[in-house]
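These are the residues of each chain, in order.
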Amino acid sequence: MLRSLARTALAARAHIAASPVATPTAKTFYSTALRSTAIPVGRKTGHIAYNSIRSFATESSTSADQDQEERVIGETKKKTFQAETRKLLDIVTHSLYSEKEVFVRELVSNASDALEKLRHSQLTDASLDSGKPMEIHISVDEAKNTFTIQDFGIGMTEEEAISNLGTIARSGSKAFLENLEGESGAASTKDKIIGQFGVGFYSAFMVGSEIKVYTRSATPGSKGYCWTSDGSGSYEIAEAENVAVGTKIVIKLRDECKEYAKEAVVEAIIKKYSNFVDYPVHLNNKKINAVQPLWTKDKNDITEQEHIEFYRYVAGAWDNPQFKLVYKTDSPLAISSLLYIPQRHMEVLGMQREEPGVSLYSRKVMIQAKSKALLPEWLRFVKGVVDCEDLPLNVSRELLQDQSLSKLRQVLTGRVIKWMENEAKVDPKTYNHFFEEFGTFIKEGVCTENESTRPNVAKLLRYESSAGASGDVISLKEYVDRMKPGQENIYYTCVPKRKFAEESPYFEEFKEKGIEVLFLYDTVDEFVVNNLRQVGQHKLVSIDAADIKDPVLDGSSSKDGAKDDDKKEEDPVAKEEAKLEGERVAEWFRDTLGMQVRKVDVSKRHMSHPAVVTEHDSPAVRKMMAMMSGAAKVGEDNLPPTPTNLEINVHHPIIKKLWSVKNQDPAFARQVAEQIYDNALIAAGVLDDPRSMLKRLNTIMEASLSASASSKSKDTVMQSKKIEVVEGEKV
């Protein structure tokens, strides 16, 4: 009796569901009544429950129940793929995709398209209805080694199944889009349709030994069908009963692909590729895609909390974003992006180099995770999402077909630079804090960008200067805006600390004349200025450069504007004698120092030091050469010092006294000359190892102290004699 009643109920249900005149309301009423039908079974009461009519909004059936629902009832028709199609199928299965896991992305995208087609079609035909919520359901079964995905979308007729599934590279979505031309609401639908090539379904053969597709069109009165293939070159199609409107794909996984029957593995893949599709995705009755694609919303509609949560999701971080950018444009490419700058980065702790932080999407489906092609490497600290709807992807949707990615990279790079520049104008204090943390990345950008982009990156640089207090930084533009009238160059010095800069012999003249100097503290700054070379029409010049040409350094004025013309006019004869004397001193230094110097000149600088060196190696270059040579091997033989130009201050007391004693004690005079040269190298920051001069320095100090003691002793004796004579006279 129970079996008879069940058969009667099933027959009635099938009759009403297939009836072309039955309304959606009637079907829903019958479904509700049937679910509430109670049939006594012994001492218990059982409910007839049909998973094909159960709403997934409240509960979902298990994969076992779903496998029992559909049943082939019609004649099986066996068809063979065409020879070209078999070749394409082999390519898709073995060569098209770089990772097998993308079959999940492809099938979810197809399911999303099917739901979107139904939604759009219902705008003009209210009779189209699946009777189910617009959702995608995936179930995996490790025991049965199966992967099942089901949507309640537009479904397919027998002809559509043969056409779409039996022919590779025929895209039903593409054909649907072509038919949309001119229809109302077509624009919004086009933006949501993902498929283009008609090969995504066949990616399932990468992991499946057999695939069954149950499908039924949403058109009233449509029958259900079962399409089956093992991918070897043929497929079967037959009428089936108990098939829900939409499409259900059951994949029997290969032995080497059993991992895709694990819930955790599939969940990670869905979140990686398909977390932002338009429709809910359920895995074993649990909703997976809970994060909204915020980049599709208007920036004014996104709350601060939503920004924080989305940033933490895409960046895998726990802090809050420091800056955020919602960027949308239609030209030259349709771009929707949401980008963030973190509070800090991990490279500062000496950890491994950060990976790129921006992922590429197309129509909310991920194409490249942490894409290296979207932004230059120096912007790897930027986190977020870029969605480009009209990217010309290749068939696998993993690569681009032309140079559009290069264009996309150019557009995004320019926009990110402008974004940071605007942040600096809006909130200089916050930006300066950002630069303190991320300045190394900006400097890397100046060194690596092309000639056209480099000046824009340079606008983001910040440095201390001699005109400001310690800790205060300025941009290069600010420096240019307050340059002295007639000043041609931007002056800088590379030193580890501000104190070293202010005490530098090279800085004295600039300080005296009131010329601002930028203080560059990082080793990489030398490479920055060497790559940048100039800002606008103004060259970047180090204050330790030789023969600097600039009207403000011609000696005509000082810091307070006082003229040097009121200096006492020197006697021409005395001036010539002083010149010749200076040349003789320079020649003696040249002979004494030998190959250590290229040449020795009398300095024209205003300085209080005995000597300086010019035309020397960059300290950063010396350090890099030492690292390349190996720390244990660095030495005079492996890394010999490069000869420099020495400028001596003949008016300095040390030089004068040295010149007077050189004939009396040549050995001592030589040691003093070498020490003067080493001191100049230290001031320039290019002496590799100061320990090399310790022995000489001790000898000089010993001689100086001995001379001082001898002088004091002589003075004491003379003074004692004077006292004795006086006292004797008194006696």
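Residues numbered from 1 in each chain as written. Predicted model: local features only at pLDDT ≥ 70, side-chain atom pairs only at ≥ 80, totals over all residues. Heavy atoms only, no water.

As recorded by an unreviewed UniProt entry, the protein carries the name Heat shock protein 75 kDa, mitochondrial and is attributed to Linnemannia elongata AG-77. A UniProt comment under Subunit (unreviewed entry) is attached to the protein, and it reads "Binds to the intracellular domain of tumor necrosis factor type 1 receptor. Binds to RB1. Interacts with SRC. Interacts with SDHA." Per UniProt, the protein carries the Sequence similarities (unreviewed entry) text "Belongs to the heat shock protein 90 family." (UniProt positions renumbered as here; feature names shortened; annotations may be inferred.)

Side chains on a regular strand alternate between the two faces of the sheet. Buried residues dominate strand β6 (residues 146–151), accounting for 6 of its 6 residues. Side chains of β6 alternate between two faces, with T146, T148 and Q150 and F147, I149 and D151 buried alike. The pairing of strand β5 (residues 136–141) with β6 spans 6 bridges and is classified as antiparallel. What sits directly across from I136, in β6, is D151. Taken together, β5 and the strand that follows it, β6, pair antiparallel across an intervening segment of 4 residues, in which N145 is found at a positive phi of about 60°. As judged from the 6 bridges shared by β6 and strand β10 (residues 246–253), these two strands associate in the antiparallel manner. Opposite I149, over in β10, you have I249 as the bridge partner. (Buried < 20%, exposed > 50% of the residue type's maximum accessible area, 1.4 Å probe, protein only. Helix = DSSP H or I, 4+ residues; strand = E, 2+ residues; numbered from the N terminus. Pairing = 2+ DSSP bridges.)

Here the focus is the sheet that holds strand β26 (residues 644–648). Ordered by their spatial adjacency, 3 strands build an open sheet running β24-β26-β25, and the pairing between neighbours is mixed. With partners counted over all chains shown, the strands left at the sheet margins are β24 (597–602) and β25 (611–614), one partner each. Averaged over all pairs of adjacent strands, the angle between strand axes in this sheet comes to 25°, irrespective of strand direction. Both β25 and β26 contribute to a ladder of 4 bridges, which runs antiparallel. Note that in β26 the partner of T614 across the bridge is N645. Each of β24, β25 and β26 is contacted by helix α21 (residues 666–684), which is oriented at about 60° to β25, the strand it contacts most. (Axes fitted to C-alpha atoms, helices over the stretch in contact; angles between N-to-C directions. Contact = heavy atoms within 4.5 Å.)

This part takes up the side chain of S359. Among the secondary structure elements, S359 is positioned in strand β15 (residues 357–362). Residue classification places S359 among the buried positions, given a relative accessible area of 13%. In contact with S359, not counting residues within four places along its chain, are Q368, A369, K370, S371, L374, G384, V385 and V386.

The topology assignment puts T148 in strand β6. Since its relative accessible area comes to 3%, T148 is described here as buried. Expressed as a C-alpha distance, the spacing of T148 and L283, which sit 135 residues apart in the sequence, is 9.7 Å.

Quick look at the sheet that holds strand β22 (residues 534–535) now. Ordered by their spatial adjacency, 6 strands build an open sheet running β19-β18-β21-β20-β23-β22, and the pairing between neighbours is mixed. Only two strands of the sheet have a single neighbouring strand rather than two, namely β19 (473–474) and β22.

The element strand β8 (residues 224–229) is extensively covered by neighbouring structure, given that 6 of its 6 residues are classed as buried. Here β8 shows a buried face lined by G224, C226 and T228 and a second buried face lined by Y225, W227 and S229. Relative to β8, strand β7 (residues 208–216) runs antiparallel, the two sharing 6 bridges. If you follow Y214 over to β8, its bridge partner there is C226. One ladder, built from 6 bridges, connects β8 with strand β9 (residues 234–241); its direction is antiparallel. Its bridge partner being in β9, S229 is matched across the sheet by Y235.

Scanning all chains against the criterion turns up 33 salt bridges. Note that K383 is salt-bridged to E354, the shortest N-O span being 3.4 Å. Placement of K383 in strand β17 (residues 383–388) and of E354 in the loop between β14 (335–341) and β15 is noted, with a sequence separation of 29 residues between them. Take K383: its relative accessible area is 13%, and that puts it in the buried class. A salt bridge links R380 to E444; the shortest N-O distance between them is 3.1 Å. You can see R380 sitting in the loop between β16 (365–368) and β17 and its partner E444 sitting in helix α12 (residues 428–448), a full 64 residues away along the chain. Here the two residues R380 and E444 agree in accessibility, since each one is buried. Through salt bridges that share partners, E347, R353, E377, R380 and E444 make up one connected network. (Salt bridge = Lys/Arg side-chain N within 4 Å of Asp/Glu carboxyl O.)

Looking at where R409 falls in the secondary structure, it is placed in helix α11 (residues 404–426). With 37 residues separating them in the primary sequence, R409 and K372 have C-alpha atoms 9.8 Å apart. Excluding residues within four positions of it along the chain, R409 makes contact with K372, A373, L374, L375, P376 and E377.

With that out of the way, let us pick up the packing of α11 against α12. Running from N to C, α11 and α12 point in directions that differ by 145°, and their axes come no closer than 7 Å. α11 and α12 meet at a crossing whose hand is left-handed. Seen from α11, the contacting residues are M420, E423, A424, K425 and V426; seen from α12, they are P428, Y431, F434 and I442. Grouping the amino acids of the contact of α11 with α12 by side-chain chemistry returns 7 nonpolar, no polar and 2 charged. (Left-handed = near helix turned anticlockwise from the far one by under 90°. Nonpolar A, V, L, I, M, F, W, Y, C, P; charged D, E, K, R; others polar.)

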